[in-house]
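Okay, here's what each chain looks like letter by letter:
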Amino acid sequence: MVRIAIDAMGGDFGAEPIIEGVIEALRVKEFEAVLVGDSSVIKPLIPAKFMKKMTFVEASDVISMSDGATDALKRKESTIYKSIELAKEKKVDAVVSAGHSGASMSLATLKLGRLKGIMRPAIATLMPNSQKTSTLVLDVGANVDCKSENLFQFAIMGEAYAKEILKRKKPKLGLLSNGEEKSKGNEVSKEAFELISRLDGFYGNAEGGQVFDGSVDVVICDGFIGNILLKTSEGVAEAITKIIKKEVKKSPTAIVGSVLMRKVFSTLKKQVSYDEYGGAPLLGVNGCVIISHGKSNAKAIKNAIFQAIKFADSNINKIIEDEISSFQSK
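What counts, and where the lines are drawn
- Residues numbered from 1 in each chain as written.
- Predicted model: local features only at pLDDT ≥ 70, side-chain atom pairs only at ≥ 80, totals over all residues.
- Heavy atoms only, no water.
- Buried < 20%, exposed > 50% of the residue type's maximum accessible area, 1.4 Å probe, protein only.
- Helix = DSSP H or I, 4+ residues; strand = E, 2+ residues; numbered from the N terminus.
- Pairing = 2+ DSSP bridges.
- Salt bridge = Lys/Arg side-chain N within 4 Å of Asp/Glu carboxyl O.
- 1 Å grid on protein atoms, 1.4 Å probe; cavity = no way out; pocket = protein on both sides within 12 Å on 5 of 7 lines; lining within 4 Å.
- Points joined across faces, edges and corners; volume = space filled by probe spheres on them.
- Expected span 1.5 Å × (residues − 1).
- Arc of directions from axis to C-beta.
- Axes fitted to C-alpha atoms, helices over the stretch in contact; angles between N-to-C directions.
- Parallel < 35°, antiparallel > 145°, perpendicular 65-115°, else oblique.
- Left-handed = near helix turned anticlockwise from the far one by under 90°.
- Contact = heavy atoms within 4.5 Å.

Draft legend 1. A look at the pairing of strand S4 (residues 94–97). Residues Ala94 and Val96 of S4 are buried on one face, and the alternating residues Val95 and Ser97, pointing to the opposite face, are buried as well. Relative to strand S11 (residues 289–291), S4 is paired through 3 bridges, and the arrangement is parallel. Bridge pairing in S11 links Val95 to Val289.

Draft legend 2. Highlighting unusual backbone geometry. Cis geometry marks the peptide bond from Leu138 to Asp139, where omega comes out at 10 degrees. As for its placement among the helices and strands, Asp139 is situated in the loop between strand S6 (134–138) and helix H5 (148–164). Of note in the backbone geometry, Lys90 takes a positive phi value of approximately 65 degrees without being a glycine. By the element assignment, Lys90 lies in the loop between helix H3 (79–88) and S4. Its identity as a non-glycine residue notwithstanding, Lys167 has a phi of 60 degrees, on the positive side. Here Lys167 is to be found in the loop between H5 and strand S7 (173–176). The exposure class of Lys167 is exposed, given its relative accessible area of 62%.

Draft legend 3. Up close: the pattern of salt bridges. Enumeration over the complete set of coordinates arrives at 11 salt bridges. Arg75 serves as the salt-bridge partner of Asp67, at 3.0 Å between the closest nitrogen and oxygen. Arg75 sits in the partly exposed class, given a relative accessible area of 24%. Where Lys318 meets Asp322, a salt bridge forms, and the shortest distance between an N and an O atom there is 2.9 Å. Pair noted here: Lys318 and Asp322 are both in helix H12 (residues 316–328), with a separation of 4 residues, about one helical turn. Relative accessible area serves as the criterion here: at 42%, Lys318 is assigned to the partly exposed category. One network of salt bridges, with partners in common, ties together Asp61, Asp67 and Arg75.

Draft legend 4. Expanded view of empty space enclosed by the protein. Enumeration according to the criterion identifies 1 cavity of 30 Å³ or more in this entry. At the level of secondary structure, the elements contributing two or more residues to the lining of the largest cavity comprise H3 and helix H4 (101–112).

Draft legend 5. Focus on H12. Compared with an ideal rise of 1.5 Å per residue, which puts 13 residues at 18 Å, H12 spans 18 Å between its outermost C-alpha atoms and is within 8% of the ideal. When we look at burial in H12, the residues that qualify are Ile316, Asn317, Ile320, Ile324 and Phe327. Each buried residue of H12 lies within a common arc of 100 degrees when the element is viewed along its axis, so the set occupies one face.

Draft legend 6. Local environment of the packing of H3 against H4. In the contact formed by H3 and H4, the axes pass within 10 Å of each other and the chain directions differ by 30 degrees. Between H3 and H4, the crossing angle belongs to the class labelled roughly parallel. Every pair of crossing elements has a handedness; the one defined by H3 and H4 is right-handed. Of the residues in H4, those touching H3 at Ile80, Tyr81, Ile84, Glu85, Ala87 and Lys88 are Ala103, Ser104, Leu107, Ala108, Lys111 and Leu112.

Encoded structure:
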């Protein structure tokens, strides 16, 4: 049975939504939940019938969002430190945390180590598109400055994830740029274009809009651009929702129309909501770490756990190492 370490107290809203998400996941799938945190806070939130499916690891410290990422390396009693330590010691198969993403990434990289041949891990996230599927984008925050070799490795990892986890048989890879033409981009992206062209699934340069139209399955970029893309898209989705609500209230006709279109709005909300995907895998580390949004609700935590189970049951890390090795030997 898959064992998942859950940072039970790292999110913005404390333990309650995290524990609720764990319980919702346990209602659907069989796994062993290893809850890391203050058991005196956690246990009262758990119905008695679920206790036998959980184990507890005491942790008295929580890394807050205002703390520096490197602080986590010294705070050995923190929930995320102990969660990653469990993965290092092979006591769990995966880690899920809605806590400090920088701390999660730093600890995972240093404690678990990188996959053989990988220069830098990348945070990958799923973004909704108009084809009712999703587009995998990486990196979205782990690496602000990248070399072309880093982007090439992100492409290899993204392609492997799309095939192994998302079950896309022939995923199309796009390199995020300011135009589709090969001549577009900065010096790093132009060099990366030549390297990624060695992959059969390379589509070419992809513009920002192609993240959302479904024309590519994987979009590659550095963490600076990717994080801006992610935060901007979240802001746009939230702004559009607020605009629609305001306009509907102004007109009786619009109110009637909104009732008739309720199913459409419900589908749209489901597609753009981060809780549908749960979290972002940190690709390139020797293990499985799922980084969830700090504001994750129970549904997001549940889906992050499902991601962790799917990842832990796969052979993706071996596939990535083999792919990297095959290109290094050429």
